[in-house]
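Residues per chain, in single letters:
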Amino acid sequence: MERIPILRMGKLLLVTIQVDMHDRLALALQDDLTSRIVKDGARGVLIDISSLDVVDSFIGRMIGNTAAMARVLDAETVVVGMQPSVAITLVELGLTLSGVRTALNVEKGMALLATNGTV
Amino acid sequence: MEMVGGMRLAQLFTNNQEQLLAEWFAQQHAIASRRGLVGEAELRNQFAQFVSLLMAALGSSERVDFKSPAWQDVRAFLAEMSTQRARQGFTPVETAMFVFSLKQPLFMRLREALGNDAATLADLTLTVSTLFDDLGLFTTEVFQTSREQVIVRQQQELLELSTPVVQLWDGILALPLIGTLDSARTQVVMENLLQKIVETGAAIAIIDITGVPTVDTLVAQHLLKTVAAARLMGADCIISGIRPQIAQTIVHLGVNLSNVTTKATLAAAFVIALQRTGKSVTAGSAQDALRAGRSSDGFDSLQPE
């Protein structure tokens, strides 16, 4: 089964979603990510969704949930690179991901985690 | 009830064209000349065209049916006339009178021609009356449609004109909103803003609502949506230009703006934005400013903290 790779950079985990997200893949990612956070003792998670140009309410909620789970495990999550059309769709769906930190691209996301002293 | 008498009516028009024109013209001239928009010659020309088309359509069949293909030319003529008058600034009534002015003269001619034959007179009167009602309503409909087209076009133009996104500084965008925010405009504003955030890599967007006349719950909701969408892209929003009355309205309506930074003026918001991006404005001597202006593009006069 297809899986989304999780890269480790020191205390940081980098997830780049480059394929079309479907529900099962999203759930598998949640599983993988939570176990990797525990295993690697990660303090920060960066989810890059710049290649994602279609989202539905499930994927939107899943992104929010993943961030919440990571926070419970004491890893700060930043969602980076959201496309304008995706942002508009999520807002129209009523999913403002209010608990999730966001940044325009990976570089700014890293900077954000660095200023917070996370990594 | 079937409307009959097409041939007879066509005959009536042929016999009395001059007289009908004179009587119709007397009524129409009063309207058209008051407006000063349609010349006498053009009016006569329009009438001649109208009557000849009308006669052709009436003569084509004994049954009078405005919806049938035989009336296509009459409809096309009336549509053009109504559209033209709508553009020239006639009222709907004045436009419909183009048709209705002919009703009274026509009834008088009918009575003269068929004074003794009460049954035929009644039949033809009904036919003429119904037909002219249809014609009149048709002109009004076309008139209305063409006016609506004008309104739609203006709305679109307004939409394009009124949503600029301005770059205030490196990484700081301003979005001066002018006029009421409805759903369609919010959509355009949001798209423009997000696109600009991607292009410039801006970290802060200032939404200035000085030009928004009223903020009700719907407008506030639209604002919050825009703020949420910008945040998802990693940009913080500051809402500025909140007038005292608007602040009062927002609180009275119970709108919750506590998650958004708000400032009374664009200047105050700009200072906050500079602080958050780690820049500050320092006062220098006039000579320094002059030198800085000569040697750099202006961005450098701000010192990173």
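Check the entry above for the structure.
Let me sum up the structure you'll find in this document.

Rules of the game
Residues numbered from 1 in each chain as written. Chains lettered and ligands numbered in written order. Predicted model: local features only at pLDDT ≥ 70, side-chain atom pairs only at ≥ 80, totals over all residues. Helix = DSSP H or I, 4+ residues; strand = E, 2+ residues; numbered from the N terminus. Buried ≥ 20, exposed ≤ 12 C-beta atoms within 10 Å, placed from the backbone. Contact = placed C-beta atoms within 7 Å. Nonpolar A, V, L, I, M, F, W, Y, C, P; charged D, E, K, R; others polar. Pairing = 2+ DSSP bridges. Axes fitted to C-alpha atoms, helices over the stretch in contact; angles between N-to-C directions. Core = buried A, V, L, I, M, F, W, Y, C linked by C-beta atoms within 7 Å. Right-handed = clockwise from strand over helix to strand, strands pointing away. Expected span 1.5 Å × (residues − 1).

## Details of the overall build of chain A
Step number 1: Within chain A, the secondary structure is distributed over 4 helices and 5 strands.
Step number 2: Start at the N end of chain A and walk to the C end: the helices and strands fall as β-β-α-β-α-β-α-β-α.
Step number 3: The buried share of chain A, reckoned over its 119 residues, is 41%.
Step number 4: Long-range contacts, defined as pairs at least 24 residues apart, comprise 80% of the intrachain contacts of chain A with a sequence gap of at least 6.

## Here we look at the overall build of chain B
Step number 1: Helices and strands together make up the secondary structure of chain B, namely 11 helices and 7 strands.
Step number 2: For chain B, the share of sequence-separated contacts (at least 6 apart) that also reach a separation of at least 24 residues comes to 74%.

## Quick look at unusual backbone geometry
Among all residues except glycine, the phi angle is most often negative; among peptide bonds, the trans geometry is most common.
All names here are of chain A.
Step number 1: Notably, Asp74 is not glycine yet its phi reads approximately 65°, a positive angle.
Step number 2: As for its position among the elements, Asp74 is in the loop between α2 (57–72) and β4 (76–80).
Step number 3: Despite not being glycine, Leu97 has its phi angle at roughly 50°, a positive value.
Step number 4: You can see Leu97 is positioned in the loop between α3 (84–92) and β5 (101–103).

## A few points about the interface of chain A and chain B
Step number 1: Listed per partner, the contact involves 13 residues of chain A and 15 residues of chain B.
Step number 2: Residue assignment for the side of chain A that touches chain B shows that the elements contributing at least two residues are α3 and β5 of chain A.
Step number 3: Considering only residue class, the side of chain A that touches chain B consists of 10 nonpolar, 2 polar and 1 charged.

## Considerations on the sheet that holds strand β1 (residues 6–9) of chain A
Backbone hydrogen bonds hold the strands of a sheet together, and the pairing may be parallel or antiparallel.
Residue and element names in this part refer to chain A.
Step number 1: A sheet is described by the order of its strands in space; here 5 strands give the open sequence β1-β2-β3-β4-β5, paired in mixed fashion. Of all strands in the sheet, those with a lone pairing partner are β1 and β5, marking the two edges. Neighbour-to-neighbour, the strand axes of the sheet open up by a mean angle of 25°, direction not taken into account.
Step number 2: As paired elements, β1 and strand β2 (residues 12–16) share 4 bridges and run antiparallel to each other. The partner of Arg8 across the bridge, within β2, is Leu13.
Step number 3: Where α2 meets the sheet, its contacts fall on β3 (44–48) and β4, and the angle it forms with β4 comes to roughly 155°.

## Structural notes on the sheet that holds strand β1 (residues 166–169) of chain B
All names here are of chain B.
Step number 1: Ordered in space as β1-β2-β3-β4-β5, the 5 strands form an open sheet in which the pairing is mixed. The sheet terminates laterally at β1 and β5 (261–262), the two strands that pair on one side only.
Step number 2: Relative to strand β3 (residues 204–211), strand β2 (residues 172–178) runs parallel, the two being bridged by 6 bridges. Across the sheet, residue Ile178 finds its bridge partner in β3, namely Gly211.
Step number 3: Strands in contact with helix α8 (residues 217–232) are β3 and β4 (236–240); relative to β4, the strand with the most contacts, it is inclined by about 150°.

## What to know about the nonpolar core
Residue and element names in this part refer to chain B.
Step number 1: Among the nonpolar cores identified, the biggest contains 73 residues, and Ala205 and Ile206 are the most heavily contacted of them.
Step number 2: The element best represented in this core is α8, accounting for 8 residues.
Step number 3: The residues contacting Ala205, other than those within four sequence positions of it, are Leu173, Leu175, Leu193, Ile197, Ala230, Ala235 and Cys237.

## Quick notes on the environment of Val128 of chain B
Step number 1: Along the chain, the position of Val128 of chain B falls in helix α6 (residues 118–161).
Step number 2: Look at Val128 of chain B and you get buried, because 21 C-beta atoms sit within 10 Å.

## Concerning the pairing of β2 of chain B
Residues and elements named next belong to chain B.
Step number 1: Among the 7 residues of β2, 5 are classified as buried, and the element is accordingly described as predominantly covered.
Step number 2: Pairing of β1 with β2 involves 3 bridges; the strand directions are antiparallel. Along β2, the bridge assignment pairs Trp169 with Ile172.
Step number 3: With antiparallel pairing between neighbouring strands as the criterion, β1 and β2 make up a hairpin whose turn holds 2 residues, including Gly171 at a positive phi of roughly 85°.
Step number 4: Tracing the backbone out of β2, into helix α7 (residues 183–200) and back to the parallel element β3 gives a crossover that is right-handed.

## Describing α8 of chain B
Quick reminder: α-helices carry 3.6 residues per turn. Residues three or four places apart thus point the same way.
Step number 1: The end-to-end C-alpha distance of α8 of chain B is 22 Å, a good match for the 22 Å that 16 residues give at a rise of 1.5 Å each.
Step number 2: Residues of α8 of chain B that are buried: Val219, Ala220, His222, Leu223, Lys225, Thr226, Val227, Ala228, Ala229, Ala230, Arg231 and Leu232 of chain B.
Step number 3: Turning to α8 of chain B, the residues buried within the fold contact α3 and β5 of chain A together with α7, β3, β4 and α9 (244–253) of chain B.
Step number 4: At the exit of α8 of chain B stands Gly234 of chain B, carrying a positive phi of roughly 90°.

## Considerations on the pairing of β4 of chain B
Residue and element names in this part refer to chain B.
Step number 1: Burial analysis of β4 places 4 of its 5 residues in the buried class, the great majority of the element.
Step number 2: Note: β3 against β4, 5 bridges, orientation parallel. Across the sheet, the residue bridging to Ala205 is Cys237, located in β4.
Step number 3: After leaving β3, the chain enters α8 and then returns to the sheet as β4, a path that is right-handed.
Step number 4: Strand direction decides the pairing type here: β4 and β5, joined by 2 bridges, are parallel. Its bridge partner lying in β5, Ile239 is registered against Thr262.

Any functional reading would require information that these geometric values do not contain.
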